[in-house]
Amino acid sequence: MRLAISRRDSAAVVAAVTVGYLLAYLWATGDLSLRTGVAPGVLVIDDPLGRLFARTGPASFGAIATVDTGVVRLLLSPVNVAIGAIVAGLVGINLGMTYLAIRRPTACGIGAGSGLLASVPALLSGTVCCGPVVLLALGVQATAVVLTAFVWLLPIGVALLLASLAYVAMKIDPGRPIES
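Small disclaimer: the values here were computed from a predicted structure and weren't measured.

The rules behind these values
Residues numbered from 1 in each chain as written. Predicted model: local features only at pLDDT ≥ 70, side-chain atom pairs only at ≥ 80, totals over all residues. Heavy atoms only, no water. Helix = DSSP H or I, 4+ residues; strand = E, 2+ residues; numbered from the N terminus. Buried < 20%, exposed > 50% of the residue type's maximum accessible area, 1.4 Å probe, protein only. Contact = heavy atoms within 4.5 Å. Areas by Shrake-Rupley, 256 points an atom, 1.4 Å probe, with all protein chains shown as cover. Pairing = 2+ DSSP bridges. Phe/Tyr/Trp six-rings, centres within 6.5 Å; stacked < 30°, edge-to-face > 60°. Polar contact = N/O pair within 3.5 Å; in protein donor to acceptor, adjacent residues only side chain to side chain. Core = buried A, V, L, I, M, F, W, Y, C linked by side-chain atoms within 4.5 Å. Axes fitted to C-alpha atoms, helices over the stretch in contact; angles between N-to-C directions. Salt bridge = Lys/Arg side-chain N within 4 Å of Asp/Glu carboxyl O.

A. Structural detail: the overall build of the protein chain. Along its length, the protein chain carries eight helices and six strands. The N-to-C order of helical and strand elements in the protein chain reads α-α-β-β-α-β-β-β-β-α-α-α-α-α. Put simply, the protein chain has 180 residues, and 37% of those count as buried. Partitioning the contacts of the protein chain with sequence separation of at least 6, the portion at a separation of at least 24 is 68%. Taken as a whole, the protein chain presents about 10000 Å² of accessible surface, with 71% of it coming from carbon and sulfur.

B. Summary view of the environment of Val 17. Mapped onto the elements, Val 17 comes out in helix 2 (residues 8-29). Setting aside anything within four residues of it in sequence, one finds Val 17 in contact with Val 91, Gly 92 and Leu 95.

C. Representation of the pairing of strand 5 (residues 65-68) within the structure. As paired strands, strand 2 (residues 41-44) and strand 5 are joined by four bridges and run antiparallel to one another. In the strand pairing of strand 5, Val 42 is matched with Val 67. Here strand 5 runs beside strand 6 (residues 72-76); their pairing, made up of four bridges, is antiparallel. Bridging from a neighbouring strand, Asp 68 pairs with Arg 73 of strand 6. Counting the residues between successive antiparallel strands, the hairpin from strand 5 to strand 6 contains three residues, one of them, Gly 70, with a positive phi of roughly 100 degrees.

D. Spotlight on the packing of aromatic side chains. Applying the stated criterion across every chain, the model contains one aromatic pair. Relative to Tyr 25, the ring of Tyr 21 has its centre 6.2 Å away and its plane inclined at 35 degrees; by these criteria the two rings are tilted. You can see Tyr 21 and its partner Tyr 25 sitting in helix 2, four residues apart, about one turn around the helix. One exposure class covers both Tyr 21 and Tyr 25, and it is buried.

E. Representation of the side chain of Asn 94 within the structure. Here Asn 94 is to be found in helix 4 (residues 78-103). The class for Asn 94 is buried, based on a relative accessible area of 2%. Looking at Asn 94, its side chain comes within polar contact range of the main-chain oxygen of Leu 161, at 3.3 Å.

F. How the structure looks around the nonpolar core. Counting residues in each nonpolar core, the largest one holds 21 residues, and the members touching the most others are Tyr 21, Ile 83, Val 87, Val 91, Met 97 and Leu 154. With 10 residues, the top contributor of residues to this core is helix 4.

G. Molecular detail of the sheet that holds strand 5. In spatial order, the strands read 1-6-5-2; together these four strands make up an open sheet with antiparallel pairing. Both outer strands of the open sheet, strand 1 (32-34) and strand 2, are each paired with one neighbouring strand and no more. Geometrically, the sheet is characterised by an average inter-axis angle of 15 degrees between neighbouring strands, direction not taken into account. Of the strand pairs in this sheet, strand 1 and strand 6 are connected by three bridges, and their pairing is antiparallel. Within strand 6, the residue paired with Ser 33 across the bridge is Arg 73.

H. Region of the structure containing the pattern of salt bridges. Counted by the stated rule, this structure contains two salt bridges. Residues Asp 9 and Arg 7 are paired through a salt bridge, measuring 2.9 Å at the closest nitrogen-oxygen approach. We classify Arg 7 as buried; its relative accessible area is 12%. Among the ionic pairs, Arg 73 bridges to Asp 68, the shortest N-O distance being 2.7 Å. Given a relative accessible area of 12%, Asp 68 falls into the buried group.

As structure tokens, this is what we get:
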């Protein structure tokens, strides 16, 4: 992982993907939205510690504050932000290493798609909260088995990202120089 964040180009990929994925994750879970015409401000609920771990879905938790900037509204749920940040960091590191593998495959000794394939389930993890709504909106009749699968997308995505990271870590020789 040090290799991916020590080079300027791959670190930029890691940072851009991590921030972009976190924003997309918060958007998919409904914690981030565009709200023009709303006055900027912060509203905190009465009992934030009591609500902190209150579940609103299989892998989503209740918001303890609303932050309005005048353009963007964030329903601040620290647990959702933490989950999103962990997954976003894993996706960012995986794609940063994939970038290195594409740019310098002989130096890395790995295939170009090593981290990319594992990132796909994590990209779908935003559907944990709103997957059933998406299925209904598309008119797909879902059975209980399909709806149950949404609960497993996040853990499967994280497991595949960790496995991909371990695979890539075993293949990269940090002592081998990678030219700029």
